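Commentary on secondary and tertiary structure
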Amino acid sequence: MPDAITPASAANRNYRSLLVRSGPEIDQLLTSLFQQEKWEIQFAEHNTEALQLAKDTPFDLIITGERTPGKEDVELLRRLRLVRPHTRLIILTEEFIPGDVLAAIRERAFSYFSRPFSTERLAEMIRIAMSEPFWDDGIEVLHGKPNWVRLCVRCDLATANRLLQFFREASGLPDAETEEVATGFREILVNAMEYGGQFDPSQHVEVSYVRTKRMVLCRVKDPGQGFSLEELHHSAIANPEEDPFKHMETREAQGKRPGGFGILMATKLVDDLIYNDKGNEVLLVKYLDKAGKASTS
């Protein structure tokens with residue numbers, strides 16, 4: 001199947017991107033990114049034309065235009081899956097509507113951005129899309145409502161970064177709280193993937209997100225055997241106050257990558273961080289009573 005070939009699995013091939021026109025700023029940004037990677041670029045004026053072009057030509061990556069609502073882009077994605085089931089598609093839209101992000105995940109969108117969005121994050125997601133060999137089985141919806149989502153997530157960093165972008169779009173929190181929860185969540189998620197799943201793409205982490213009027217709760221459960229916080233000598237959370245970098249010696253001796261600040265960082269960004277008795281399941285809780293009234297009214 002032609003569209004099943006990915007940048008990481010084929011050599012000496014010209015890669016094609018299809019861009020639905022947005023406006024001069026975004027069109028120029030995307031053109032510059034793809035020219036740097038020496039991709040062939042083709043534009044479509046609207047989704048109907050994009051679908052017809054995709055039927056005729058297998059594109060490696062399609063990016064929708066921000067002038068169309070996310071709902072219309074999800075419908076394009078559904079139709080695209082019938083003819084090009086493995087094509088990566090990134091949704092751009094001017095207007096966020098609750099439920100659209102979840103629908104995009106269900107239909108296996110590669111990513112989702114609504115205005116205002118960071119062009120740096122968009123550029124990074126496009127680079128991930130260009131290089132990630134496995135993606136379309138990476139995030140599976142086990143249960144889905146806008147305020148309660150349960151997912152099965154493959155153990156690799158690219159999938160973690162994709163999930164964080166979906167989270168940023170769907171959180172419904174003020175920007176500051178979104179970044180605090182997203183950063184803490186990412187640290188715990190990557191720890192689960194690294195230590196519980198060994199970054200093995202055949203392993204998966206179970207993730208839940210619950211939003212109420214007064215709090216946000218994220219749950220991460222990894223496939224590992226668990227651990228005790230008292231045994232985490234390679235983590236900064238175990239350091240004595242007088243020696244905040246002591247864990248670095250342990251990490252170096254064990255041949256681990258630099259780091260180990262994830263759990264400590266998460267404890268500073270959320271209000272509660274609760275592990276189960278085995279240590280392979282954790283809850284992150286952020287209370288919204290002080291900062292979240294405007295967003296939940």
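Everything below is about the structure printed above this text.
What comes next is a walk through the structure. Here the residue numbers are simple positions, counted from 1 along each chain's written sequence. In keeping with the predicted nature of the model, local features appear solely for residues at pLDDT of at least 70, side-chain atom pairs appear and are counted solely at 80 or more, and the whole-chain, interface and lining totals rest on all residues. To get the side-chain values, all heavy atoms of the structure are used, and hydrogens and water are removed first.

**Topic: the sheet that holds strand β4 (residues 88–93)**
By the convention used here, strands pair only if DSSP detects at least 2 bridges between them. For helices the rule is a DSSP run of H or I covering at least 4 residues; for strands it is a run of E covering at least 2, with both sets numbered from the N terminus onward. Ordered by their spatial adjacency, 5 strands build an open sheet running β2-β1-β3-β4-β5, and the pairing between neighbours is parallel. On the outer flanks of this sheet lie β2 (40–44) and β5 (111–114), each paired with one strand and no other. Each strand of the sheet is rotated relative to its neighbour by a mean of 15°, with strand direction disregarded. As defined by bridge partners, strand β1 (residues 16–20) adjoins strand β3 (residues 61–63) across 3 bridges and the pair is classed as parallel. Note that in β3 the partner of Ser17 across the bridge is Leu61. Contacts are assigned to residue pairs that have any heavy atoms within 4.5 Å of one another. Fitted lines through C-alpha atoms give the axes, limited to the stretch in contact for helices. The angle between two N-to-C directions lies from 0 to 180 degrees. Its contacts with the sheet place helix α3 (residues 70–83) against β3, β4 and β5, and it is angled at close to 165° to β4.

**Examining the pattern of salt bridges**
For this document, the term salt bridge refers to a Lys or Arg side-chain nitrogen within 4 Å of an Asp or Glu carboxyl oxygen. This structure, assessed with the given rule, holds 15 salt bridges. Of the charged contacts in the structure, one is a salt bridge between Glu180 and Lys286, with a shortest N-O distance of 2.5 Å. Residue Glu180 is found in helix α7 (residues 175–196), and its partner Lys286 is found in strand β11 (residues 281–287); the two are separated by 106 residues along the sequence. The rule is simple: take the accessible area with a 1.4 Å probe, protein chains only, and divide by the maximum for that residue type; under 20% is buried, over 50% is exposed, in between is partly exposed. Judged by its relative accessible area of 11%, Lys286 is buried.

**A closer look at the packing of aromatic side chains**
Pairs were defined over the aromatic rings of Phe, Tyr and Trp, the Trp ring being its six-membered one, requiring ring centres within 6.5 Å. Orientation was assigned from the angle between planes: stacked under 30 degrees, edge-to-face over 60, tilted for the rest. Applying the stated criterion to the full structure yields 5 aromatic pairs. Ring centres 5.5 Å apart and planes at 40° place the aromatic pair Phe34 and Trp39 in the tilted group. Accessibility classification places Phe34 together with Trp39 in one group, the buried group. Here Phe167 and Phe185 contribute two aromatic rings whose centre-to-centre distance is 5.9 Å and whose plane-to-plane angle is 50°, an arrangement assigned as tilted. Of this pair, Phe167 sits in helix α6 (residues 157–170) while Phe185 sits in helix α7, and the two are 18 residues apart along the sequence. The pair Phe167 / Phe185 is uniform in exposure class, with both members buried. Following the ring pairs from residue to residue traces out a cluster consisting of Tyr15, Phe34 and Trp39. Charge-over-ring contacts are defined here by two conditions on Lys NZ or Arg CZ: a distance within 6 Å of the ring centre and an angle within 35 degrees of the ring normal. Note that Arg162 overlies the ring of Phe110, its terminal NZ or CZ placed 4.6 Å from the centroid.

**Focus on the packing of helix α2 (residues 47–56) against α3**
At a minimum axis distance of 10 Å, the contact between α2 and α3 shows a crossing angle of 15°. When the axes of α2 and α3 are compared, the pair comes out roughly parallel. You can see that α2 and α3 cross each other, and the crossing is right-handed. Residue-level inspection shows Asn47, Leu51, Ala54 and Lys55 of α2 in contact with α3, the latter providing Glu72, Asp73, Leu76, Arg79, Leu80 and Val83. In the contact of α2 with α3, the residues fall into 5 nonpolar, 1 polar and 4 charged. Angle categories are assigned with fixed cut-offs, so that under 35 degrees is roughly parallel, over 145 is roughly antiparallel, 65 to 115 is roughly perpendicular, and the rest are oblique. Put simply, a crossing is left-handed when the front helix is turned counterclockwise from the back one by less than a right angle, and right-handed when it is turned clockwise. For this scheme, ten residues count as nonpolar: Ala, Val, Leu, Ile, Met, Phe, Trp, Tyr, Cys and Pro. Four count as charged, namely Asp, Glu, Lys and Arg, and the remainder, Gly too, count as polar.

**Quick word on α3**
Over its 14 residues, α3 extends 20 Å from the first C-alpha to the last, a length consistent with the 20 Å expected when each residue adds 1.5 Å. Within the sequence span of α3, burial applies to Gly70, Asp73, Val74, Leu76, Leu77, Leu80 and Arg81. For α3, the arc enclosing every buried residue in end-on projection is 155°, short of the 170-degree limit, so these residues lie on one face. Turned more than 90 degrees off the buried face of α3, the exposed positions are Lys71 and Leu82. Here the buried face of α3 lies against α2, β3, β4, α4 (100–106) and β5. The span you would expect from a helix comes to 1.5 Å times its residue count less one. Note: the arc covers the axis-to-C-beta directions of the helix.

**Section: the pairing of β11**
Pairing of strand β9 (residues 215–221) with β11 involves 7 bridges; the strand directions are antiparallel. Along β11, the bridge assignment pairs Val220 with Val282. Of the strand pairs in this sheet, strand β10 (residues 272–275) and β11 are connected by 4 bridges, and their pairing is antiparallel. Counterpart to Leu273 in the pairing with β11 is Leu284. As consecutive antiparallel partners, β10 and β11 are separated by 5 residues, and within that stretch Gly279 has a phi angle of approximately 90°, a positive value.

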